[in-house]
Amino acid sequence: MPSNAKKVAFAEAGERSWCSTMELFRLFKMQFICHLFICYVFLVSGLIVNFLQLCTLPLWAINKQLARKVNCRLAYCISSQMVALLEWWSGTECTLYTDPESYPFYGKENAIVILNHNFEIDFLCGWTFCERFGVLGSSKVLAKKELAFVPVIGWMWYFLEIVFCKRKWEEDQKTVVQSLQRLKDYPENFWFLLYCEGTRFTQKKHKISMEVAEKKGLPKLKYHLLPRTKGFCVTVQHLRGTVTAVYDSTLNFRNNQIPTLLGILNGKKYHADLYVRRLPLDSIPENEAECAMWLHKLYQEKDELQEKYSLTGCFPGPTLTPPCRPWALLNWLFWILLLLFPLCLLLLRLFQSGSTFIIFTTVVLCFAASLGVRWMIGQTEINKGSSYGNKGGQLNNNA
Ligand SMILES: CC/C=C\C/C=C\C/C=C\C/C=C\C/C=C\C/C=C\CCC(=O)SCCNC(=O)CCNC(=O)[C@H](O)C(C)(C)COP(=O)(O)OP(=O)(O)OC[C@H]1O[C@@H](n2cnc3c(N)ncnc32)[C@H](O)[C@@H]1OP(=O)(O)O
Ligand SMILES: CCCCCCCCCCCCCCCC(=O)OC[C@@H](O)COP(=O)(O)O
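Residues numbered from 1 in each chain as written. Chains lettered and ligands numbered in written order. Predicted model: local features only at pLDDT ≥ 70, side-chain atom pairs only at ≥ 80, totals over all residues. Heavy atoms only, no water.

As recorded in an unreviewed UniProt entry, the protein chain goes by 1-acyl-sn-glycerol-3-phosphate acyltransferase delta and comes from Hemibagrus wyckioides. According to UniProt, the comment filed for the protein chain under the heading Function (unreviewed entry) is "Converts 1-acyl-sn-glycerol-3-phosphate (lysophosphatidic acid or LPA) into 1,2-diacyl-sn-glycerol-3-phosphate (phosphatidic acid or PA) by incorporating an acyl moiety at the sn-2 position of the glycerol backbone. Exhibits high acyl-CoA specificity for polyunsaturated fatty acyl-CoA, especially docosahexaenoyl-CoA (22:6-CoA, DHA-CoA)." In its Subcellular location (unreviewed entry) section, the UniProt record describing the protein chain reads: "Endoplasmic reticulum membrane". (UniProt positions renumbered as here; feature names shortened; annotations may be inferred.)

Set out below in C-alpha cells:
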C-alpha cells in the first residue's frame with residue numbers, strides 16, 4: 001500500500017475508534033448509576049459546605065468582611081459543581097455577544113443583570129458567565145422566598161446575603177430594602193441578577209400579562225412578560241453608588257433547543273447565545289415613575305432583539321466569548337475523589353456485614369436521597385412552576 005493511502009487508512013481507523021469511544025461515553029453519561037453518584041457528591045459536599053458556612057457564624061461578629069469572603073469561597077464549591085456539569089459533563093457551549101468596549105468591565109465592577117426568564121437552565125448559563133468572569137462565588141439574585149428552603153442551594157444563599165422576596169410588594173418592601181442596603185459594603189465584586197418578568201414565561205402568563213399591558217396603555221410584547229418594575233426601581237435606588245452599570249442580557253438557545261437540567265445530567269449538549277449590553281447606571285432616571293418607564297422601554301427593545309434572533313438565529317454584533325476556566329472542574333474532581341473513598345468503604349462494609357436489614361435500609365436511604373435531588377431538580381421545571389402571574393390585574397397573586 002502506498003504510504004499516503006496507509007496514512008489515510010490509519011487516520012480513518014483512529015477517527016472510527018474516537019467516534020465509538022465518544023459514543024460509549026455518551027451512553028455512560030446516561031446511566032442512572034452515574035446520576036446517582038453525581039447527586040451523592042453534590043448532596044454530601046453541599047451539606048458539608050452548608051455546615052462549614054454555619055461554622056462561620058461566630059466570625060461574622062468578629063470580622064464581617066472576612067466572613068463574607070470565606071462564604072463566597074464556600075459557595076463557589078457548590079455552585080461551580082453545577083457549572084462543571086454544564087461545561088464539562090454536558091459540553092454545553094456558551095457564546096457571548098457583546099461590544100469590545102464593555103468587555104473589560106465584566107467581572108471588574110458591581111452590576112445589576114437583567115435577564116429574560118424563558119428557560120429552565122437560564123440561571124445555570126448565568127452562573128457559567130459568572131464563573132468565567134470570576135464572580136461566581138459572590139453572585140446575587142432577587143429570588144423568590146420558596147428557594148430559600150431548598151437544601152444546599154437555598155441554605156448556601158442565606159450566607160451569601162441573597163435578597164429574597166415573597167412577590168407581595170407590601171410585605172417585601174421593607175426586607176428587600178434592608179437586604180439591598182446590606183450589600184453597600186460588600187467586599188467582593190458582585191452581579192445582582194433580576195428577572196424583572198418575575199416568573200418563567202408560559203403562554204398563559206404571557207396572555208394575562210399582555211392584558212395588563214393593554215390596560216396600562218403599554219405596547220404589547222411578543223417574547224417577554226410585562227416586567228414588574230418595583231424590584232428594579234428599588235434596586236437601582238438603593239445600589240446607586242455601589243453598582244456602576246446595568247447589564248441588559250438576553251439568552252437564547254440555538255435551533256430552538258429546549259434545555260433542561262435533566263438533559264444536562266444526561267450529558268445532552270446545548271448551545272447558548274447570550275447578548276449583553278452594558279448600560280451605565282447614571283443613564284437610568286432617579287425618579288421612580290421615569291425609572292419604571294425606562295424599564296418598560298428596555299423590554300420593548302429586548303423584544304425587538306428577540307424578534308431578530310428568531311428570524312436570523314443569531315444576535316447582531318461581534319462575539320467575545322470568555323474562555324472556560326479549569327477551576328470548576330478541579331473543584332468537582334476534588335469532591336469526587338474526597339467522597340469516593342468513604343462511599344467505597346461504606347459499600348464494602350455493607351456487603352461484608354451480610355445483614356439484610358442494613359442493606360435494605362441503605363437502599364431505602366439512597367432511594368430517598370435520589371427522590372430529594374429529583375425534587376430539587378423539579379424546582380427548575382417550568383411545568384411545576386408557581387401560579388404567580390396567572391391572574392392579571394391583581395397586585396398579589398402568588399402561588
Ligand atoms: C457578561 C455576562 C452578563 C450576564 C450574565 C447573566 C447572568 C448572571 C448573573 C447573576 C447570576 C446570579 C444568580 C443566579 C442563580 C440563581 C437564580 C435562580 C432563580 C431565582 C429567580 C427567581 O426567584 S425569579 C422570582 C423572584 N424575583 C422577582 O420576582 C423579581 C422581579 N419582580 C419584582 O421586581 C417585583 O416588583 C417584586 C417581586 C419586588 C414585587 O412583586 P409584586 O407582584 O408584589 O408587585 P409588583 O408591584 O411588582 O406587581 C404589581 C404590579 O404589576 C401589575 N400586574 C399585575 N398582574 C400582572 C401580570 N400578570 N403581569 C405584569 N404585571 C402585572 C399590577 O397591575 C401592578 O402594577 P402597578 O402599576 O400597580 O405597579
Ligand atoms: C451537580 C449537581 C447535580 C444535582 C442537581 C441539583 C439541582 C438543584 C438545583 C436547585 C436550583 C434552584 C434554582 C431554580 C431557579 C429557578 O428557575 O427559579 C424559578 C423562579 O425564578 C421563578 O419561578 P416560577 O414563578 O415558578 O416560574
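Visitor: So what's going on with the site of ligand 2? Residues and values would help.
Guide: In the vicinity of ligand 2 lie 14 residues, with His-117, Arg-167, Thr-199, Arg-200 and Ser-386 positioned nearest. Arg-200 is positioned such that a nitrogen or oxygen atom in its side chain is 2.6 Å from an oxygen atom of ligand 2. Alone, ligand 2 offers 730 Å² of accessible surface; in the complex the protein occludes 96% of this. (Near = heavy atom within 4 Å. Polar contact = N/O pair within 3.5 Å; in protein donor to acceptor, adjacent residues only side chain to side chain. Areas by Shrake-Rupley, 256 points an atom, 1.4 Å probe, with all protein chains shown as cover.)

Visitor: Outline the site of ligand 1, listing residues and values.
Guide: Not every one of the 40 residues close to ligand 1 is listed here, only the nearest: Lys-144, Trp-169, Lys-216, Lys-230 and Tyr-388. Arg-228 is positioned such that a nitrogen or oxygen atom in its side chain is 3.2 Å from an oxygen atom of ligand 1. Measuring from an oxygen atom of ligand 1, one finds a side-chain N or O atom of Lys-230 at 2.7 Å. Burial of ligand 1 by the protein amounts to 92% of the accessible area it has alone, namely 1500 Å². It is strand E3 (residues 140-144) that contributes the most residues to the shell around ligand 1, 5 residues altogether. Along the lines of polarity and charge, the residues of the shell around ligand 1 split into 23 nonpolar, 10 polar and 7 charged. (Helix = DSSP H or I, 4+ residues; strand = E, 2+ residues; numbered from the N terminus. Nonpolar A, V, L, I, M, F, W, Y, C, P; charged D, E, K, R; others polar.)

Visitor: Residue-level account of the layout of surface pockets, with values.
Guide: The computed volume of the second largest pocket comes to approximately 680 Å³. Lining the second largest pocket are 24 residues, with Leu-36, Tyr-40, Leu-343, Thr-362 and Cys-366 sitting closest to its centre. Counting residues per element, the ones that place at least two in the lining of the second largest pocket are helix H2 (32-55), helix H12 (327-353) and helix H13 (356-378). Taken together, the residues that form the lining of the second largest pocket break down as 22 nonpolar, 2 polar and no charged. (1 Å grid on protein atoms, 1.4 Å probe; cavity = no way out; pocket = protein on both sides within 12 Å on 5 of 7 lines; lining within 4 Å. Points joined across faces, edges and corners; volume = space filled by probe spheres on them.)

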